[in-house]
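A closer look at the structure
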Amino acid sequence: MSIRFATGFLTLAFGLSACASLTPQQCATGNWAEIGFADGAAGRAPSYINAHRDACGELGITPDLAAWTSGRNAGLVQYCSPENAYRLGRDGRDVSPVCTPQQRDNMRYAYNWGLDYYEFEQEIDDARRDISRLRAEIQTILLNPTPTPEELRLIEQLEARISNKQRDIRRLELRQRRYARPPF
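Residues numbered from 1 in each chain as written. Predicted model: local features only at pLDDT ≥ 70, side-chain atom pairs only at ≥ 80, totals over all residues. Heavy atoms only, no water.

When helices and strands are tallied, the protein chain shows 9 helices and 0 strands. Going through the 184 residues of the protein chain one by one, you find that 33% of them count as buried. Restricting the contact set of the protein chain to residue pairs at least 6 apart, pairs at least 24 apart contribute 75%. Accessible surface, the protein chain as shown: approximately 11,000 Å² in total, 53% of it carbon and sulfur. (Helix = DSSP H or I, 4+ residues; strand = E, 2+ residues; numbered from the N terminus. Buried < 20%, exposed > 50% of the residue type's maximum accessible area, 1.4 Å probe, protein only. Contact = heavy atoms within 4.5 Å. Areas by Shrake-Rupley, 256 points an atom, 1.4 Å probe, with all protein chains shown as cover.)

The structure is reproduced here in structure tokens:
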């Protein structure tokens, strides 16, 4: 599991700062501690302040680095929690590499628990797509007003595969339930 968790921390730094950070209104009325808290709670890197500098600099507004950093640090407490790690895993999202090694250790189990839920969800979705595809194959065959014996056998085989997929879905859903709530 530690390998799965470690790969979850591979969020690219440029991906975190690629979008416009603040509106002109937010720059003008910005409570930099609140903005920092939101950035920390979103797992944004310390360099994200540069996106705010760029966004607000056009208006002649300079971010309050001390207030932003203080707010960000408070937001990181929320971001680097096991509860958030579970949500990130359950959503299939990576964990930003902004947490301390001890926080990451505390988050690992919850993240992997949530990731297990997500992976079951992906398997269930794949099986449902397979069922839709198989049903479409059956419908295509049934467009022929007089299906051949081979086509009728193929329909039976496709229906058997649908039944197997439906059983797989029920089995996966039962296993997934174990991970539906955080492990704490």
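Once that is clear, we can look at the packing of helix α4 (residues 32-41) against helix α6 (residues 65-79). Where α4 meets α6, the closest approach of the two axes is 6 Å, and the angle between their N-to-C directions is 35°. Judged by the sense of rotation from one axis to the other, the crossing of α4 with α6 is right-handed. Every residue of α6 that contacts α4 at W32, A33, I35, G36, F37, D39, G40 and A41 is listed here: A67, W68, G71, R72, A74, G75, L76, Q78 and Y79. Each residue belonging to the contact of α4 with α6 can be placed in one class, and the counts come to 10 nonpolar, 5 polar and 2 charged. (Axes fitted to C-alpha atoms, helices over the stretch in contact; angles between N-to-C directions. Left-handed = near helix turned anticlockwise from the far one by under 90°. Nonpolar A, V, L, I, M, F, W, Y, C, P; charged D, E, K, R; others polar.)

As a further point, take the state of the cysteines. Inspection of every chain in the model, using the stated rule, returns 2 disulfides. Through a disulfide, C27 is tied to C56; the S-S separation comes to 2.0 Å. Every disulfide takes its handedness from the sign of the S-S torsion; for C27 and C56 that torsion is -80°, giving left-handed. Of this pair, C27 sits in helix α3 (residues 24-29) while C56 is found in helix α5 (residues 49-57), placing the two residues 29 residues apart along the sequence. The side chain of C80 participates in a disulfide bridge whose partner is C99; the two sulfur atoms lie 2.1 Å from each other. On the S-S bond that ties C80 to C99, the torsion sits near -90°, and the link is left-handed. Of this pair, C80 sits in the loop between α6 and α7 (82-90) while C99 sits in the loop between α7 and α8 (101-142), placing them 19 residues apart in sequence. Residue classification places C99 among the buried positions, given a relative accessible area of 5%. Here the disulfide map of the protein chain reads 1-2, 3-4, the bonded cysteines being numbered as they appear in the sequence. (Disulfide = S-S within 2.5 Å.)

This next bit is on the nonpolar core. In terms of nonpolar packing, the biggest core is built from 28 residues, with Y79, C80, V95, V98, C99, M107 and Y111 touching the most fellow members. Breaking this core down by element, the ones donating at least two residues are α6, α7, α8 and α9 (149-177). Tallying contributions element by element places α8 first for this core, with 13 residues. Formed by 9 residues, the second largest nonpolar core is a distinct cluster that contains C27, I35, C56 and W68. (Core = buried A, V, L, I, M, F, W, Y, C linked by side-chain atoms within 4.5 Å.)

Enumeration over the complete set of coordinates arrives at 9 salt bridges. Note that K165 is salt-bridged to D130, the shortest N-O span being 3.0 Å. Within this pair, whereas K165 is found in helix α9, its partner D130 is found in helix α8, the two being separated by 35 residues in sequence. The shortest N-O distance in the salt bridge between R171 and D168 comes to 3.9 Å. With R171 and D168 both in helix α9 and 3 residues apart, the pair spans about one turn of that helix. When its relative accessible area of 29% is taken as the criterion, D168 is described as partly exposed. (Salt bridge = Lys/Arg side-chain N within 4 Å of Asp/Glu carboxyl O.)

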